[in-house]
Amino acid sequence: MNIAESIRSLQRSIPGHVKIVAVSKTKPVEAILQAYEAGQKIFGENKVQDLVLKHSQLPSDVEWHFIGHLQTNKVKYISPFIRFIHSIDSLNLLTEVDKEAVKNNRITNCLLQFHIATEDTKFGLSLEEAELILGSEHFTNMHNVRIAGVMGMSSFTEDMEVVRKEFKTLYGYFRLLKSRYFYHTDSFRELSMGMSGDYLIAIEEGSTMVRIGTSIFGNR
Ligand SMILES: *Cc1c(COP(=O)(O)O)cnc(C)c1O
């Protein structure tokens, strides 16, 4: 299948309420344009430098999502145009995102990234750390970030029951945070979970955003 065919077959296999973030990291602008022309408008990148370059080379109605580990000193480069940051993993980072959003007179959508996998190489918060952020006075005073939901990456394993359990855990965190901190608003509604190998399970477990690279663009 070529890129356009992959996009169309994905769209057919995914319920309408689930957004597809096409993960274009390491892929050239030409490949992204093929996906764009097939109707894909949301793209995800995990390196600031690549994202900034691609943003400048692609149509302005592309919705860019940042999905990788983000260093605070690089937030300023993406703040003017980024639509979602999936990888908020500290109060410090959130503070910086808010500060840059103020400068750009924007509201930046953010997802709290949780550590749900067994590997300790993956970034992310524990539930306790997330609650410290959301309960802090500091957070109450931020006005240019919108916490739109949560994100997590499952373990790198063939065992789909392990993966399913991790997605259930993330869903549980989502429900809990929603009831404790966001019951009065519906802006907290996204569950970013599921990649090429596990997106169907993620959707069964409540995902609203799947981040798919390989199944669209081929191997990296
Ligand atoms: C690379 C990446 C993906 C996409 O992975 P595929 O297996 O190629 O679909 C999704 N999420 C994050 C955070 C990534 O870094």
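Residues numbered from 1 in each chain as written. Predicted model: local features only at pLDDT ≥ 70, side-chain atom pairs only at ≥ 80, totals over all residues. Heavy atoms only, no water.

### So, helix H2 (residues 29–37)
Those residues of H2 not exposed but buried are Val 29, Ala 31, Ile 32, Ala 35 and Tyr 36. Along H2, the residues classed as buried sweep out an arc of 160° about the axis, all on the same side. In this structure, H2 carries Glu 30 and Glu 37 as exposed residues pointing more than 90 degrees from its buried face. Buried residues along H2 sit in contact with helix H1 (3–13), strand E2 (42–45), helix H3 (48–57), strand E3 (63–66) and helix H10 (214–217). (Buried < 20%, exposed > 50% of the residue type's maximum accessible area, 1.4 Å probe, protein only. Helix = DSSP H or I, 4+ residues; strand = E, 2+ residues; numbered from the N terminus. Arc of directions from axis to C-beta. Contact = heavy atoms within 4.5 Å.)

### Comments concerning the side chain of Ser 192
Among the secondary structure elements, Ser 192 is positioned in strand E7 (residues 190–192). For Ser 192, a relative accessible area of 0% puts it in the buried group. There is a polar contact of 2.9 Å between the side chain of Ser 192 and the side chain of Arg 211. Once you skip the residues sitting within four places of it in the chain, Ser 192 turns out to touch His 86, Leu 111, Val 150, Met 151, Gly 152, Leu 170, Met 209 and Arg 211. (Polar contact = N/O pair within 3.5 Å; in protein donor to acceptor, adjacent residues only side chain to side chain.)

### Quick look at the pattern of salt bridges
If you walk through the whole model with that rule in mind, you get ten salt bridges. Ionic pairing is found between Arg 180 and Glu 131, a salt bridge with its closest N-O pair at 2.9 Å. Linking Arg 180 in helix H8 (residues 160–181) with Glu 131 in helix H6 (residues 127–134), this pair joins segments that are 49 residues apart in sequence. For Glu 205, the salt bridge goes to Lys 168, with nearest N and O atoms at 3.1 Å. Within this pair, whereas Glu 205 is found in the loop between helix H9 (199–204) and strand E8 (209–212), its partner Lys 168 is found in helix H8, the two being separated by 37 residues in sequence. With a relative accessible area of 46%, Lys 168 lands in the partly exposed category. Several salt bridges converge on common partners, so that one network encompasses Glu 161, Arg 164, Lys 168, Glu 204 and Glu 205. (Salt bridge = Lys/Arg side-chain N within 4 Å of Asp/Glu carboxyl O.)

### Focus on the site of the ligand
In the vicinity of the ligand, the residues found are Val 23, Lys 25, Ile 67, Met 151, Met 153, Met 195, Ser 196, Arg 211, Ile 212, Gly 213, Thr 214 and Arg 220. Residue Gly 213 places a main-chain N or O atom 2.9 Å away from an oxygen atom belonging to the ligand. Note that an oxygen atom of the ligand is positioned 2.5 Å from one of the side-chain N or O atoms of Thr 214. Calculation on the ligand without its partners gives an accessible area of 390 Å², and the protein chains cover 90% of this total. Taken together, the residues that form the shell around the ligand break down as six nonpolar, three polar and three charged. (Near = heavy atom within 4 Å. Areas by Shrake-Rupley, 256 points an atom, 1.4 Å probe, with all protein chains shown as cover. Nonpolar A, V, L, I, M, F, W, Y, C, P; charged D, E, K, R; others polar.)

### Let's talk about the environment of Lys 103
Considering the arrangement of structural elements, one finds Lys 103 in helix H5 (residues 91–103). Residue class for Lys 103 comes out exposed when judged on its relative accessible area of 59%. On a C-alpha basis, the gap between Lys 103 and Asn 144 in space is 9.6 Å, while along the polypeptide they are 41 residues apart.

### Description of H8
End to end, H8 covers 31 Å across 22 residues, agreeing with the expected 32 Å (1.5 Å per residue, within 8%). Turning to H8, its buried residues are Val 163, Arg 164, Glu 166, Phe 167, Leu 170, Phe 174, Leu 177 and Lys 178. Take H8 and look down its axis: the buried residues cluster within an arc of 160°, on one side only. Residues of H8 that are exposed and angled more than 90 degrees away from the buried face: Glu 161 and Lys 165. Among the structural elements, strand E5 (108–114), H6, strand E6 (145–152), E7 and H9 are those in contact with the buried residues of H8. (Expected span 1.5 Å × (residues − 1).)

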